[in-house]
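Fold and contact review
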Amino acid sequence: MTRSLLAFCIWLVPLAILAAPNGKQLYTRHCSVCHNDNGMGGIGLPLNGEKIEHFPRDYVFKTIRLGREGRVMPAFGKLSDAQIDAIVDYVFSWKKTSERAEYSDQKITGNPKAGAELFARKCAACHGKDGKSNGLGTGVTTSRERKFKVVPPALNNPGFLASASDYWIYDTIQNGRRGTIMPPQKKLKLTDQQVKDIVSHIRSFEQSYQKHEALEEDQPTLVFDSPYDFDTTVHNLKQSLKGLNFRYFPDRYMEMGLAPDKEINKKQLSLRFCNFNQLYKLINIDPRLGIVLPCRITVVEQPDGAVKLYLINMKMAARLFNNTQLTEIAEQMHDSVMELIDEATL
Amino acid sequence: MNRCKKTIWLRSVLLCLLWLMVAPAQAENMIMVRVHQNFDNTMILLKEALNDYGYRIAHIQKCDGGLSGFGYKTDEYKSVFFGKFQEMRHLTGTHPELIPYLPLKIAVMKENDSILLAALNPLSLSALFPNEDLQNQFGRWESDLRAIFDELAASKEL
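Everything numeric here is computed off the predicted structure, so don't read it as measured data.

Our focus in this paragraph is the overall build of chain B. Looking only at helices and strands, chain B features six helices and five strands. Counting helices and strands in the order they occur from the N terminus, chain B gives α-β-α-β-α-β-α-β-β-α-α. Within chain B, buried positions represent 49% of all 158 residues. Look at the contacts in chain B between residues 6 or more apart in sequence, and 68% of them connect residues 24 or more apart. For chain B, the exposed area adds up to about 7800 Å²; of that, 56% sits on carbon and sulfur atoms.

All right, on to the overall build of chain A then. Counting secondary structure elements, chain A contains 15 helices and six strands. Within chain A, buried positions represent 52% of all 346 residues. Across chain A, contacts joining residues at least 24 apart in sequence account for 68% of those joining residues at least 6 apart. On chain A, roughly 17300 Å² of surface is accessible, and the fraction owed to carbon and sulfur atoms is 54%.

Attention shifts here to the confidence of the model for chain B. In this model, chain B carries a mean pLDDT of 84, and residues with pLDDT of at least 70 account for 82%. In this model residues 13-27 of chain B is a low-confidence stretch, pLDDT under 50, and it forms 15 contacts with partners more than four residues away in sequence or in other chains.

Ranked by size, the top nonpolar core spans 96 residues in total, and within it A:I297, A:V337, B:L46, B:I106, B:V108, B:L117 and B:F149 carry the most contacts. No other element matches the eight residues that helix α15 (residues 324-345) of chain A contributes to this core. Both domain 1 (21-208) and domain 2 (221-345) of chain A contribute no fewer than three residues apiece to this core. Those residues within four positions of B:V108 in sequence are excluded, and the remaining contacts are B:F39, B:T42, B:M43, B:L46, B:E76, B:Y77, B:K78, B:V80, B:I115, B:L116 and B:L117. If you look at the next biggest cluster of nonpolar residues, it comprises 40 residues, including A:F55, A:F61, A:M73 and A:A86.

Together, A:D130, A:E328, A:E331, A:D335, A:E339, A:D342 and A:E343 make up a negatively charged patch on the protein surface. Residue position: A:E328 is located in helix α15.

All names here are of chain B. Taken in spatial order, the five strands of this open sheet run β1-β5-β4-β3-β2, and their pairing is antiparallel. Only two strands of the sheet have a single partner each, and these edge strands are β1 (30-35) and β2 (56-61). Sheet twist, expressed as the mean angle between neighbouring strand axes with direction ignored, is 20°. Alignment of β2 against strand β3 (residues 77-83), held across five bridges, turns out to be antiparallel. For R56, the partnering residue across the bridge sits in β3 and is G83.

The next point concerns the environment of A:T191. Residue and element names in this part refer to chain A. Relative to the helices and strands, T191 is located in the loop between α10 (185-188) and α11 (192-204). On the basis of relative accessible area, T191 is assigned to the partly exposed category, the value being 43%. Spatially, the C-alpha atom of T191 lies 9.4 Å from that of Q174, the residues being 17 residues apart in sequence.

The next subject is the pairing of β3(B). Residue and element names in this part refer to chain B. Of all seven residues in β3, seven are buried, a share of seventy percent or more. Side chains Y77, S79, F81 and G83 of β3 all project onto a buried face; the interleaved residues K78, V80 and F82 project onto the opposite face, where all are buried too. Pairing of β3 with strand β4 (residues 104-111) involves six bridges; the strand directions are antiparallel. Paired with F82 across the two strands is L104, which belongs to β4.

Before going further, it helps to examine empty space enclosed by the protein. By rolling a water-sized probe across the atoms, one finds the places where empty space is left. Tallying each qualifying case throughout the model produces four cavities of 30 Å³ or more. Roughly 430 Å³ of volume is contained in the largest cavity. Contributing to the lining of the largest cavity are 29 residues, with A:I291, A:V292, A:L293, A:I312 and A:A317 lying nearest its centre. Where the lining of the largest cavity is concerned, the elements lending two or more residues are β5 (295-301), β6 (307-312), α14 (314-319) and α15 of chain A together with β4 and β5 (114-120) of chain B. Class assignment of the residues belonging to the lining of the largest cavity gives a composition of 26 nonpolar, one polar and two charged. In this model, the second largest cavity occupies a volume close to 70 Å³. In terms of lining residues, the second largest cavity is bounded by A:R252, A:Y253, A:M254, A:M256, A:S270, A:R272, A:R296, B:A58, B:H59, B:F81 and B:P103. Elements supplying a minimum of two residues to the lining of the second largest cavity: β3 (252-253) and β4 (268-274) of chain A together with β2 of chain B.

Turning next to the environment of A:K113. Here A:K113 shows up in helix α6 (residues 112-122). Once the C-alpha coordinates of A:K113 and A:S204 are considered, the two residues, 91 residues apart in sequence, prove to be 9.6 Å apart.

The residue B:H59 is located in strand β2 in this model. Residue B:H59 is classed as buried on the basis of its relative accessible area of 16%. A distance of 3.4 Å separates a polar atom in the side chain of B:H59 from a polar atom in the side chain of A:R252. Not counting residues within four places of it along the chain, the set of residues in contact with B:H59 comprises A:R252, A:R272, B:S79, B:V80 and B:F81.

This paragraph deals with the packing of aromatic side chains. Evaluated as defined, the whole model comprises 17 aromatic pairs over all chains. A ring pair is formed by B:F138 and B:W141, whose centres lie 6.1 Å apart and whose planes are at 50°; its orientation type is tilted. Taken as a pair, B:F138 and B:W141 lie in helix α6 (residues 132-153) at a separation of three residues, close to a single helical turn. Residue classification places B:W141 among the buried residues on the basis of a relative accessible area of 3%. The rings of A:F55, A:Y59, A:Y103, A:F160 and A:W168 are connected pair by pair, giving a single aromatic cluster. If you follow A:K95 out to its NZ or CZ, it ends over the ring of A:F92, 4.1 Å from the centre. Seen from the ring of B:Y55, B:K84 lies directly overhead, with NZ or CZ sitting 4.5 Å from the centre.

Analysis parameters
Residues numbered from 1 in each chain as written. Chains lettered and ligands numbered in written order. Predicted model: local features only at pLDDT ≥ 70, side-chain atom pairs only at ≥ 80, totals over all residues. Heavy atoms only, no water. Helix = DSSP H or I, 4+ residues; strand = E, 2+ residues; numbered from the N terminus. Buried < 20%, exposed > 50% of the residue type's maximum accessible area, 1.4 Å probe, protein only. Contact = heavy atoms within 4.5 Å. Areas by Shrake-Rupley, 256 points an atom, 1.4 Å probe, with all protein chains shown as cover. pLDDT = per-residue confidence, 0-100. Core = buried A, V, L, I, M, F, W, Y, C linked by side-chain atoms within 4.5 Å. Domains from an automatic or database assignment. Patch = residues over 30% accessible without salt bridge, like charges linked within 9 Å, V, L, I, M, F, W, Y side chains within 5 Å. Salt bridge = Lys/Arg side-chain N within 4 Å of Asp/Glu carboxyl O. Lys, Arg positive; Asp, Glu negative; His and termini not counted. Charge placed at Lys NZ, Arg CZ, Asp CG, Glu CD. Pairing = 2+ DSSP bridges. Axes fitted to C-alpha atoms, helices over the stretch in contact; angles between N-to-C directions. 1 Å grid on protein atoms, 1.4 Å probe; cavity = no way out; pocket = protein on both sides within 12 Å on 5 of 7 lines; lining within 4 Å. Points joined across faces, edges and corners; volume = space filled by probe spheres on them. Nonpolar A, V, L, I, M, F, W, Y, C, P; charged D, E, K, R; others polar. Polar contact = N/O pair within 3.5 Å; in protein donor to acceptor, adjacent residues only side chain to side chain. Phe/Tyr/Trp six-rings, centres within 6.5 Å; stacked < 30°, edge-to-face > 60°. Lys NZ or Arg CZ within 6 Å of the ring centre and 35° of its normal.

Rendered as structure tokens:
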């Protein structure tokens, strides 16, 4: 009998842990690095105070599950429903009122064409004319200059539209959002029908979504052959960098700092370069960008004397950040660097 | 051990293993941690932790210095390049396609009263470089980075 009970308890321990996830622990592990301890906000939006007072539970749940494609917030597809529920419970424990915010799932019928015109006049200054937000990056990071105290959300986003019901959007326009600059309907001078028209317009963004598929030719590393010897290739690259307005840093051999100088391979040189104007813009979009910066081209002389250039495929690396704004700039950077390689290896 | 006992024991172990597999279910593109230290202390602790795991700091890129020098407002921000000499020499020889991703890198940035550390999750490279012999390497890096970040997150103020 005792043995059976013991065995039963052994079974129960992990089951109990699985059955009752700890919201605080889960929040600390998955969310606090961006949303800060106690939801004060950082790279991610603030989750405490007035801002989430009227957030419906379902909206927060779906936001965690689906994320915001192209807007830093990742989709937490591997968390169980119970784990997400526990996180939502923990976040909602910061609410000042125990009032439960619930909104109808009914569709709102409005005139999306009229809504588009109103959106351009009343909403686009903050949410962007295409609904993708006018604020660079997300959240409330105050460490750098910000146009908005809290970056206005991108409404034209599959994650947002799948999480927000029509009536939740309607309520937000009607009542504004306390703790942010989002004004209520009265201040926007909108009629009830006009609010519905705007909701219909926002909902119509869904029609333009296409599933992103990786291009077959995408390679994580770009490799180029140089027709020149090692020193000439390095010299050519520096000349091209200057010509394209990049600033390059002092030469560094790849193994430098990891072993005594006499042991390091001096035929593997990393040319690090930067355009500070662009760097500033990029880290305002996502401050974590340092994990792939500065731009680098590594020049390597092979044992047979042939010289190859290696660099990160910026277009592909940018996608790791789940940030459309970043991806667009990375594509421009990619083109500049291709031009640079062409010039240097011509 | 009789058969029944064995079965119960085995099932319990299996269940625990299952739980362990589910609990750290994460493979995000980035590994991040928030550290409640000042910037200088974080750098000291990071250096110590990297050394403890056999890595050496190759270089520290002062992104903040560069930006300030060009008149941009920025908080403290550094990129720490680190690695193991023999490991890097071996990998650049056998898998030159990894060259742009080496040495490994951690971005260290101030955010209000705390410090954020971010690194590319080495496991996210698995999909990009599917060679079988690299998978253990990515797994080791990932496990080291998580352990280092956990140590820093748990560190007491110096």
